[in-house]
Amino acid sequence: MSPDLPPVVPSVTAELVAALSPRLRKRLDAGVTKLLARPAVREGDTVRIAVDDETDVVLRAPGGTVTGADAIHCGCLLAPDCLHRAAAASAAPVAEEAPAPAEVTEAREGTGTAQPEPDAATAEQRAAARAVFDAAAAVLEAGTDGAGAVLQAELLHAAHTARLAGLPRASAAAVSVVTGVRAARSADPGHRLTDLAGALAGVLGVAHRLPHATGPDLTELRGTVRQPYRPDGSLRLYGLFSEPVLTATGYAGAVTWTADADGRLYTVSDVAPGGPARATGAADRAVRIGDTALTHRELSRAGLAVSGATVSPTGRLGAGAGVRAVRASGAAWRAEPLDRLWAVPAAEQVARALNGGQDLLFLEVTLAGTVREATGDCLLADCAGLPLRLATAHDDPALPHRDNLRLLAAAGGSRLRIVARLAPGPYPRALLLAVEHPTDPGARVDLGLDRLRRADLPAGAVAPPARAMATGDEAPLHLLRRRVHQVVPGGRRVLALAGNRPGDGARLRRLGLATAGDLLDDLHAAAADRSRDTFGRLLPADTGHFARAWLAAAVYTDEVERALCAAAWGAAVNEVSSPGRTP
């Protein structure tokens, strides 16, 4: 997915991919990869990509969005049903479609008196929901590794059909899965496996329940019309910290986090093919926004004034031609406006994260040594009376995370402000990203980029020996969670090849997690369920059966983990995170 291309509405991508011949469909993923490697030149509302010396693909986006297939033009001999047009649409970000006429009418009527609850979904809505479920199940069957542009287009087509049928929630959920799959396949720094697993469970859950829902449940599952995404105007941002990005698929770089005066978070990223050297070196590259010469390392401690800003739903700042940015003064963590981030109680921050919000935590802790875990030592800290475990955000030896954590262990008793990422589990745990400097008030350390020295520690600091602590029941539940997450990138074949270990389900039942044990057995059975015809040939897989087994396991795991994590932090969370997540 290229941020240099204008967003394309789902129906356009679905139309262009559907027009391809079977031979060109097989070449579509390679065509997307090739096109993403070519430079895109923007001139006003037009983006031009030189496919080769003689052929250009042109995307016209009046208003910033490609809304029709005729707005993507190619000069090759096979146009209009050519690979290049479909590849351009598949490589571009997914845009929100304009509300369907039925949605607009419904929204207008909703401003008056309360409307009666629907008795049941219409035949059109039931068919649209089934189409969304089937398309999402096919993506799950293949996993992100196998869910190329063709499967993505089929899910986008289902999303468009759902929107026309008056199901904006199912439509938006399907689009979010496509966006997540593209992020996973392109190693986008914002991609997280748990988020994509949640998105898949969300769209499958909504589509599964819709055909049978009535009354208030149906109203909620249908959803409401959302306003289209809009540019964010002018922003005054303050640097918070930077973190390196290093993926297993060969991408590396850095992401810098900033906040505005109201505490909203925004990111600027620089990620491209590369290894550890690029992950560490990207911090000293100029940020790709406006004409500023600030590096990521400098921005993390300075400020930025942006005009004509464009912002993704996840807070990522765009770098379009109309964006202007200049350096501005920064702020210390203990000064306004950043100080307010740490004023929010930890339990409230955790509740926000568990209910689908931002997962960064801004905490004030007292370091208390190290604790030994199966994956290595982590810091133990006191956070308002809670024993908090702080683990490394990345274990690659080229990054300083692990070395910095070892040195911080010697600063026992130090009271510091930190930024960490919530790691849900049965006890308070987070991944450490940045800290206040142990001996230099006002300074901060980005633990994935800066290297602490022993001279940075308080005088006489010595790391105490690590102590072992009980880890609760994380391991038994992990037996189910691991299988749920393995399916997302690898698809059904991962479980089919791995086979079932009978002892895992028995262990879960023996420890009181009988439902988890049954769900694990059902998931493995569904993965291995391939019937044969009378000649011994494999019949097509029942993707719906596998998707329902996976959905049940995903919902159960998510709710148990949320309950355990909320109890550990004393956080108040919704009883069920999303009605669409319940099979």
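Residues numbered from 1 in each chain as written. Predicted model: local features only at pLDDT ≥ 70, side-chain atom pairs only at ≥ 80, totals over all residues. Heavy atoms only, no water.

**With respect to the pairing of strand 11 (residues 376-383)**
Phase 1 of the analysis: Across six bridges, the pairing between strand 10 (residues 360-373) and strand 11 is antiparallel. Bridging across to strand 11, E373 finds its partner in G376.
Phase 2 of the analysis: Looking at chain direction, strand 11 and strand 12 (residues 386-392) are connected through five bridges and run antiparallel. Note that in strand 12 the partner of D382 across the bridge is P387. (Pairing = 2+ DSSP bridges. Helix = DSSP H or I, 4+ residues; strand = E, 2+ residues; numbered from the N terminus.)

**Topic: the packing of aromatic side chains**
Phase 1 of the analysis: This model, assessed by the stated rule, comprises three aromatic pairs.
Phase 2 of the analysis: Geometrically, the ring pair formed by F241 and W257 is stacked, given 6.1 Å between the ring centres and 10 degrees between the ring planes. Placement of F241 in strand 5 (residues 233-246) and of W257 in strand 6 (residues 251-259) is noted, with a sequence separation of 16 residues between them.
Phase 3 of the analysis: Judged by its relative accessible area of 8%, W257 is buried.
Phase 4 of the analysis: Consider the rings of W333 and W342, whose centres lie 4.9 Å apart with planes at 35 degrees: the pair is tilted.
Phase 5 of the analysis: Residue classification places W333 among the buried residues on the basis of a relative accessible area of 3%.
Phase 6 of the analysis: Among the aromatic side chains, those forming a connected cluster through ring pairs are W333, W342 and F362.
Phase 7 of the analysis: Positioned above the aromatic ring of Y427 is the side chain of R389, whose terminal nitrogen or guanidinium carbon lies 4.2 Å from the ring centre. (Phe/Tyr/Trp six-rings, centres within 6.5 Å; stacked < 30°, edge-to-face > 60°. Buried < 20%, exposed > 50% of the residue type's maximum accessible area, 1.4 Å probe, protein only. Lys NZ or Arg CZ within 6 Å of the ring centre and 35° of its normal.)

**Looking at helix 3 (residues 28-36)**
Phase 1 of the analysis: The complete set of buried residues in helix 3 reads L28, G31, V32 and L35. An end-on view of helix 3 places all buried positions within 100 degrees of arc, on one side of the element. Exposed residues lying more than 90 degrees from the buried face of helix 3 are A30, T33 and K34.
Phase 2 of the analysis: Next to the buried residues of helix 3 lie helix 1 (10-18), helix 2 (22-26), strand 2 (46-50), helix 4 (83-91) and helix 7 (149-164). (Arc of directions from axis to C-beta. Contact = heavy atoms within 4.5 Å.)

**Some points on the state of the cysteines**
Phase 1 of the analysis: Tallied over the full model, the rule gives zero disulfides.
Phase 2 of the analysis: C76 provides the cysteine sulfur closest to C74, a residue in no disulfide bond, and the two sulfurs are 3.5 Å apart.
Phase 3 of the analysis: Residue C74 is classed as buried on the basis of its relative accessible area, which comes to 4%. (Disulfide = S-S within 2.5 Å.)

**Points about a positive patch on the surface**
Phase 1 of the analysis: On the surface, a cluster of positive charge is contributed by R23, R27, K34 and R38.
Phase 2 of the analysis: Here R23 shows up in helix 2. (Patch = residues over 30% accessible without salt bridge, like charges linked within 9 Å, V, L, I, M, F, W, Y side chains within 5 Å. Areas by Shrake-Rupley, 256 points an atom, 1.4 Å probe, with all protein chains shown as cover. Salt bridge = Lys/Arg side-chain N within 4 Å of Asp/Glu carboxyl O. Lys, Arg positive; Asp, Glu negative; His and termini not counted. Charge placed at Lys NZ, Arg CZ, Asp CG, Glu CD.)

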